[in-house]
Amino acid sequence: MQLPLALGVSVLQATQGAICSWADHCANLAEILTTPNTTIRFAQEIRAGTTVTFPENHSSCGRTEQTVHVDICRVAMVVKTSPTSSVDLEAWLPFDWTGRFLSSGNGGLGGCILYEDLSHAVTNGFAAVGTNGGHDGLSGRAFYLNPGTIEDFAYRSVRISVAIGKDITEAFYGKRYKKSYFLGCSYGGSQGLKSAQDFPGDFDGIVVGAPAIAFNELTYWRGRFLTITGTPDDSGFISAELWSKIQEDVLEQCDYLDGSMDGIIEDPNLCQYRPEALICDKDEDEACLTGDQVKRVRAIFSPLYGTDGSLIYPRLQPGVSNGPLFSGKPFPYTTDWFRYAVHNDLNWDPQTISSKDYEVAAQFNPFNINTWNGNLSEARNHGTKILHYHGLQDAKISSEISMMYYDHVARTMRLRTDAMDEFYRYFRISGMNHCQGGPGATFIGNYEYNVHNNDPESNVLAAIVRWVEKGIAPESILGTAYMDGSKSSGKIAFQRRHCRYPLRNEYDGMGDPTGPDSWNCV
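Residues numbered from 1 in each chain as written. Predicted model: local features only at pLDDT ≥ 70, side-chain atom pairs only at ≥ 80, totals over all residues. Heavy atoms only, no water.

## Some thoughts on the overall build of the chain
Within the chain, the regular secondary structure consists of 13 helices and 19 strands. Since a compact globule built from 522 residues should have a radius of gyration of about 24 Å, the 24 Å found for the chain is in line with a globular shape. Along the three orthogonal principal directions, the C-alpha set of the chain runs to about 90 × 60 × 45 Å. Residues classed as buried in the chain amount to 57% of the 522 residues present. Residue pairs at least 24 apart in sequence account for 67% of intrachain contacts in the chain once pairs closer than 6 positions are excluded. If you sum the accessible surface of the chain, you get close to 20900 Å²; carbon and sulfur atoms cover 47% of it. Considering the chain, the positive charge centre built from 43 side chains and the negative charge centre built from 61 side chains are found 5 Å apart. (Helix = DSSP H or I, 4+ residues; strand = E, 2+ residues; numbered from the N terminus. Rg over C-alpha atoms; globule rule 2.2 N^0.38 Å. Buried < 20%, exposed > 50% of the residue type's maximum accessible area, 1.4 Å probe, protein only. Contact = heavy atoms within 4.5 Å. Areas by Shrake-Rupley, 256 points an atom, 1.4 Å probe, with all protein chains shown as cover. Lys, Arg positive; Asp, Glu negative; His and termini not counted. Charge placed at Lys NZ, Arg CZ, Asp CG, Glu CD.)

Next comes the structure, spelled out in structure tokens:
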């Protein structure tokens, strides 16, 4: 997977004294940088406290503005990657720089620069870059008959951000970065693991959240939910109200297993949910399940197997709240991937999805987008550290896939837990939805708006920096939950130390369950 175009950046020599300030230097960047196949749209100073608007951003990205908290140089450019494809890239360069570089990931089907991640990075002194993944917006329409755009999405956009971003960083500051980091969740999480698998020299530290690995299997698994749930006009369709009842019943059956009935399941592996407990008696007509609906619930919480009996994708872990997979509508990312990338058929119907579609997708697997290589030897030898987390109430990507991948790496590399701990640690975040939110202690510093403080004990970005630069690996991640789920309340509801796998959290039965010291990793 070689880059088809040269990506080196050459710095034209500026005359002595021509740059008298960071702001002047920023304004001159467009003139002193020559980057092959790249058009620099602008380079501008942004002062701390400025709210930057993005009028050209695709509406599906949902990012119309971002407040910048420190003085930065913002550089926007377009990189031509093939005759029919290009990548939009932005570099945010803080005037007060720590010497660290960070590349941010994407989400969904890409198409959006995550400006909140760039802000999070520069606020903490990183020079940061992000891309649109090779197309605009969350739709996969751009993949249609365009292998260049698929290649950008599969891996190339991150590679470009690393190559150009690092060179621009050196050009701006006049010296090379000290350490290089990656931060991403969902598809961004898989981009981080893709880098560790295929380009192990790109990053010294990688924060991986809820990764969309086993991409072909995940995409098929998501699409299969529609064939299980049916549509809302189906007589056996399970409404949002019934799903709330199911979630309550899951907690009734499994919440006590960690020692505390607090509405949070610490280890879903221990939960073997039995939906028959909600089956309707003869006289009941609501808040209960018919026999057909019980079968549907069992199918939802069961692994997906292929026609040959092999496992395709693990079960959805019990305890999730109602989400898009239960809506009775086609999952948009599945529809777009099969319609525009796999089949190149504008009329492909997501309601007809079957194992044959999966088999075609698995064989197609462009640029090994599946991201399931278990041999991370080169990343380990490079000294790369991987901090991996996944919310245990994720309703979009089963948290069990993260556990499976960690174990896959251990088997492939023949490493016991203590050897894995030297470079790769996985943390299960109880009560967290997809990447963020949920009833648990989910403020762990993975997003700017998800920061409790900058202590490495409770902030994954600070934790990976300490691990890389001081050799102190995180033993747990201290999460915080706020009253009403909002940090604006300023009132902490409870805190909990999330254990590194394979340990699990258990209440000691004596102390205050809202305090982290009353829980043990066992």
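Here the narrative resumes.
## Observations regarding the state of the cysteines
Here the structure, examined in full by the defined rule, presents 6 disulfides. Disulfide pairing is shown between cysteine 185 and cysteine 435; the S-S distance is 2.0 Å. An S-S torsion of about -100 degrees defines the bridge between cysteine 185 and cysteine 435 as left-handed. One end of the pair, cysteine 185, is in strand β10 (residues 179–185); the other, cysteine 435, is in the loop between β15 (424–429) and α13 (460–470), and 250 residues separate them in sequence. In this pair, the class of cysteine 185 matches that of cysteine 435, namely buried. The side chain of cysteine 254 participates in a disulfide bridge whose partner is cysteine 271; the two sulfur atoms lie 2.1 Å from each other. For the disulfide bridge between cysteine 254 and cysteine 271, the dihedral angle about the S-S bond is near 70 degrees, and by the sign convention the bridge is right-handed. Residue cysteine 254 is located in helix α6 (residues 240–254), and its partner cysteine 271 is located in the loop between α6 and α7 (291–300); the two are separated by 17 residues in the primary sequence. On the basis of relative accessible area, cysteine 254 is assigned to the buried category, the value being 3%. When the cysteines engaged in disulfides are numbered in sequence order, the chain pairs them as 1-3, 2-4, 5-10, 6-7, 8-9, 11-12. (Disulfide = S-S within 2.5 Å.)

## So, the environment of phenylalanine 443
Within the secondary structure, phenylalanine 443 sits in the loop between β15 and α13. By relative accessible area, which is 8% here, phenylalanine 443 ends up buried. Spatially, the C-alpha atoms of phenylalanine 443 and serine 458 are 8.1 Å apart, while their sequence positions differ by 15 residues. Ignoring anything within four residues of it in the chain, the contact list for phenylalanine 443 reads Tyr449, Asn450, Val451, His452, Ser458, Leu478, Gly479, Thr480, Tyr482, Gly485 and Lys487.

## What about the confidence of the model for the chain?
Residues at a pLDDT of 70 or more form 96% of the chain, whose mean pLDDT is 94. A low-confidence stretch, residues 1–19 stays under pLDDT 50, and its non-local contacts, those more than four residues away or across chains, total 45 contacts. (pLDDT = per-residue confidence, 0-100.)

## Examining helix α11 (residues 400–413)
The terminal C-alpha atoms of α11, which comprises 14 residues, lie 20 Å apart, in line with the 20 Å expected from a rise of 1.5 Å per residue. In terms of burial, α11 is largely enclosed, as 10 of its 14 residues are buried. Within the sequence span of α11, burial applies to Glu400, Ile401, Ser402, Met403, Tyr405, Tyr406, His408, Val409, Ala410 and Met413. Here the buried face of α11 lies against α4 (187–198), β13 (311–313), α10 (377–382), β14 (385–391), α12 (417–420) and β15. Backbone geometry just after α11 places arginine 414 at a positive phi near 55 degrees. (Expected span 1.5 Å × (residues − 1).)

## Describing the sheet that holds strand β8 (residues 100–104)
The mixed open sheet is built from 9 strands, whose spatial order is β3-β6-β7-β9-β8-β10-β11-β14-β15. Since the sheet does not close on itself, it has two edges, and those belong to β3 (38–46) and β15, each with one partner. Strand-to-strand twist of the sheet, defined as the mean angle between neighbouring strand axes without regard to direction, takes the value 15 degrees. Bridge count between strand β7 (residues 85–94) and strand β9 (residues 126–131): 4 bridges; the pairing is antiparallel. Across the sheet, leucine 89 pairs through a bridge with threonine 131, a residue of β9. Together, β3, β6 (72–82) and β7 form the strand contacts of helix α1 (residues 22–32), whose direction differs from that of β3 by roughly 165 degrees. Helix α3 (residues 147–173) contacts β3, β6, β7, β8, β9 and β10 of the sheet and is inclined by roughly 35 degrees relative to β7. (Pairing = 2+ DSSP bridges. Axes fitted to C-alpha atoms, helices over the stretch in contact; angles between N-to-C directions.)

## Overview of the pattern of salt bridges
What the rule picks out here adds up to 24 salt bridges. Linking arginine 41 and glutamate 56 is a salt bridge whose minimum nitrogen-to-oxygen distance equals 2.8 Å. With arginine 41 in strand β3 and glutamate 56 in the loop between β4 (51–53) and β5 (65–67), this pair connects stretches of sequence that are 15 residues apart. Glutamate 56 sits in the exposed class, given a relative accessible area of 65%. Of the charged contacts, one joins arginine 466 and glutamate 457 as a salt bridge, the two residues approaching to 2.8 Å between their closest N and O atoms. Judged by relative accessible area, which is 18%, arginine 466 ranks as buried. Residues joined by salt bridges that share partners form a network here, namely Asp421, Arg425, Glu475 and Arg500. (Salt bridge = Lys/Arg side-chain N within 4 Å of Asp/Glu carboxyl O.)

## Thoughts on the layout of surface pockets
By volume, the largest pocket is sized at about 400 Å³. Arg63, Gly107, Gly108, Ser186 and Tyr333 are the residues nearest the centre of the largest pocket, which is lined by 22 residues in total. For the lining of the largest pocket, the class distribution of residues is 9 nonpolar, 9 polar and 4 charged. Lining the second largest pocket are 22 residues, with Arg41, Glu56, Asn57, Glu90 and Tyr115 sitting closest to its centre. When contributions to the lining of the second largest pocket are tallied by element, the ones reaching two or more residues are β3, β6 and β7. For the lining of the second largest pocket, the residue count by class is 10 nonpolar, 6 polar and 6 charged. (1 Å grid on protein atoms, 1.4 Å probe; cavity = no way out; pocket = protein on both sides within 12 Å on 5 of 7 lines; lining within 4 Å. Points joined across faces, edges and corners; volume = space filled by probe spheres on them. Nonpolar A, V, L, I, M, F, W, Y, C, P; charged D, E, K, R; others polar.)

## Some words on the packing of α1 against α3
Viewed as axis vectors pointing N to C, α1 and α3 meet at an angle of 135 degrees, and their least axial separation amounts to 10 Å. One way to sum up the angle between α1 and α3 is to call them oblique. Relative to α3, the crossing made by α1 is right-handed. For the pair formed by α1 and α3, the contact residues are Trp22, His25, Cys26 and Leu29 on the first element and Ala171, Phe172 and Tyr173 on the second. Taken together, the residues that form the contact of α1 with α3 break down as 6 nonpolar, 1 polar and no charged. (Parallel < 35°, antiparallel > 145°, perpendicular 65-115°, else oblique. Left-handed = near helix turned anticlockwise from the far one by under 90°.)

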